[in-house]
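Below, each chain spelled out in residue letters.
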Amino acid sequence: MSATPKVTIGIKALNEEAHIAQALASACAAVAPFGGEVILADSGSTDRTIEIARGFPVRILQLAIPAEKSCGTGAQLAFQQASGDFFYLLDGDMVLKPGFLDAGVAFLQENPQFAAVGGRVCEANTNSIEFELRAQSDAQKGSRVAGEVDRLDCGGLYRVTAVREAGYFADRNLHAFEEFELGARLRSKGWKLARVGVDAVDHYGHVVAGYKLMLRRLRSGYAGGPGEVVRAAIGQRHFGQVLRDFAQLRFGIVIYAWWVLLALCLAGGWWLGLAAIVALPVGYFSWRRGGLRLGLYSLATWNVNAIGLIQGFFRPRRPALEPIGCNDLSAR
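Computed from a predicted structure; not experimentally measured. Every residue gets a number counted from 1 within its own chain, in the order that chain's sequence is written. The predicted origin of the model limits local features to residues at a pLDDT of at least 70 and limits the giving and counting of side-chain atom pairs to 80 or more, whereas totals for whole chains, interfaces and linings rest on all residues. Only hydrogens and water are removed before side-chain values are computed, so all heavy atoms of the structure are retained for them.

Q: What is the right way to read the overall build of the chain from this model?
A: If you tally the helices and strands in the chain, you get 13 helices and ten strands. The atom set for the radius of gyration is the C-alpha atoms, and the globule formula is 2.2 Å times the number of residues raised to the power 0.38. Taken over C-alpha atoms, the radius of gyration comes to 20 Å for the chain, in line with the 20 Å a tight globule of 332 residues would show. Overall size of the chain, expressed as C-alpha extent along the three principal axes, is 70 × 40 × 35 Å. When checking whether two residues touch, look at their non-hydrogen atoms; a contact exists if any pair is within 4.5 Å. A fraction of 78% describes how many contacts in the chain between residues 6 or more apart in sequence connect residues 24 or more apart. Areas reported here follow the Shrake-Rupley algorithm with a probe of radius 1.4 Å; residue values treat only the protein chains shown as occluding. In the form shown here, the chain has an accessible surface area of approximately 14700 Å², with 59% of it arising from carbon and sulfur atoms. Between the mean site of the 35 positive side-chain charges and the mean site of the 30 negative ones, the chain shows a separation of 5 Å. Secondary structure counts use DSSP, requiring at least four H or I residues in a row for a helix and at least two E residues in a row for a strand, with both numbered from the N terminus. Neither His nor the chain ends is counted toward charge; the positive residues are Lys and Arg and the negative residues Asp and Glu. Note on charges: their place is set at NZ of Lys, CZ of Arg, CG of Asp or CD of Glu.

Here's what the structure looks like:
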């Protein structure tokens, strides 16, 4: 590897006109010292995303069949065209912080046993219950806590040779949790991942009412992400990592048991038991989250996750290594 390695930043986007200019500007500035490149992987935007992107010195690739869009598809589309020694994936609603790329490259050069490194994720939008809960979780054990980790939610800088050893960057079949799945494959190969105490990105997100967002996730297929992760791991080397570390699988099993107890109480007419079985998780989540409003939302999230495990597990799969068709819309 050269003394100054080349860095590729991939940006996945779908109708991100509100933030794409900031995302592109931050990415272009970050790769400049590395002689790097920026690739926009668009999943079929119908707003001004492409028009805005053409004002930047970036390569613009648009998914040839928009119906194939998913979180994994967008990420893998950017990676399959990357030519850098290191690869950073940025969402179209994120702005890369100055200085993180320098810190990340230095960390990976000094620590050859690590496949990837991330920094602190700063949630710029906490106006919805979803992001309020995410910020609460991240402050305790998530994307703001430094140390060795099992995944890099909201992006990280990856060693390209390690990713290629693991097969691919993102499973094109995944509608969510592609960072966890990638981390599991890398760790099954003996690689490590870390998060350092440096601000990496500002994440703006989409302001959608919490329960409306849940419904959207069920309709779009996003909620099926947990089931897709489990299905993809069956018979693979990283299956052990999924069984051990994938919290969504444990959440689903707990909820299935809860559903069985509810059904038994209803069938037997045990109304006091039914009331207790309903009250117990409501009380637990309300205590855990610091209030009834967040508690009820957390319980609803666990139930949606359980539905998603079933929904995604039985969804048809395409070969993860199959090239993703795209059209080059870069400015000529």
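What follows picks up the thread again.
Q: Just checking my understanding: could you explain the pairing of strand 2 (residues 37–42) for this structure?
A: If a strand is regular, its side chains alternate between the two faces of the sheet. Throughout this description, buried means an accessible area under 20% of the type-specific maximum (1.4 Å probe, protein chains only), exposed means over 50%, and partly exposed covers the range between. With six of six residues buried, strand 2 lies mostly within the body of the structure. Here strand 2 shows two buried faces, one formed by Glu37, Ile39 and Ala41 and the other by Val38, Leu40 and Asp42. One requirement defines pairing of two strands: DSSP has to find at least two bridges between them. Sheet analysis places strand 1 (residues 7–13) next to strand 2, joined by six bridges and oriented parallel. Within strand 2, the position partnered with Ile9 by the bridge is Val38. A clockwise path from the first strand over the helix to the second, with the strands pointing away from the viewer, defines a right-handed crossover. Read as a crossover between parallel neighbours, the route from strand 1 over helix 1 (residues 20–31) to strand 2 is right-handed. One ladder, built from four bridges, connects strand 2 with strand 3 (residues 59–63); its direction is parallel. Counterpart to Ala41 in the pairing with strand 3 is Leu61.

Q: Explain the environment of Asp93 to me, please; I cannot follow it from the model alone.
A: Within the fold, Asp93 resides in the loop between strand 4 (86–91) and strand 5 (94–96). Residues Asp93 and Glu179, 86 residues apart in the sequence, show an inter-C-alpha distance of 17 Å.

Q: It is not clear to me how the nonpolar core should be interpreted in this structure. Could you clarify?
A: A general tendency of soluble globular proteins is for nonpolar side chains to be buried together. Among the nonpolar cores identified, the biggest contains 39 residues, and Ile9 and Tyr88 are the most heavily contacted of them. Non-local contacts of Ile9, meaning those with residues more than four positions away in its chain, are made with Ala27, Ala30, Val31, Glu37, Val38, Ile39, Tyr88, Leu90, Leu96 and Leu101. Membership of the second largest hydrophobic core comes to 25 residues, among which are Ala82, Phe87, Ala166 and Ile324. What is meant by a nonpolar core is a set of buried Ala, Val, Leu, Ile, Met, Phe, Trp, Tyr and Cys residues, joined one to another through side-chain atoms within 4.5 Å.

Q: Just to check I follow, could you spell out helix 8 (residues 210–220) for this structure?
A: Two residues of an α-helix separated by three or four positions point the same way, owing to the 3.6 residues in each turn. Where helix 8 is concerned, the buried positions are Gly210, Leu213, Met214 and Arg217. Around the axis of helix 8, the buried residues are gathered within 105° of arc, so they sit on the same side. Facing away from the buried side of helix 8, by more than 90 degrees, are the exposed residues Lys212 and Arg219. Just downstream of helix 8, Gly221 is the residue with a positive phi angle, here 100°. In this description, the arc belongs to the directions extending from the helix axis to the C-beta atoms.

Q: Please explain the confidence of the model for the chain as it appears in this structure.
A: A low pLDDT score tells you not to read the predicted coordinates there in detail. Model confidence for the chain is summarised by a mean pLDDT of 91, while 91% of its residues fall at 70 or above. Confidence of the predictor at the level of single residues is captured by pLDDT, which takes values from 0 to 100. The least confident element of the chain, judged by mean pLDDT, is helix 5 (residues 129–141) at 60; the most confident is strand 8 (residues 157–159) at 98.

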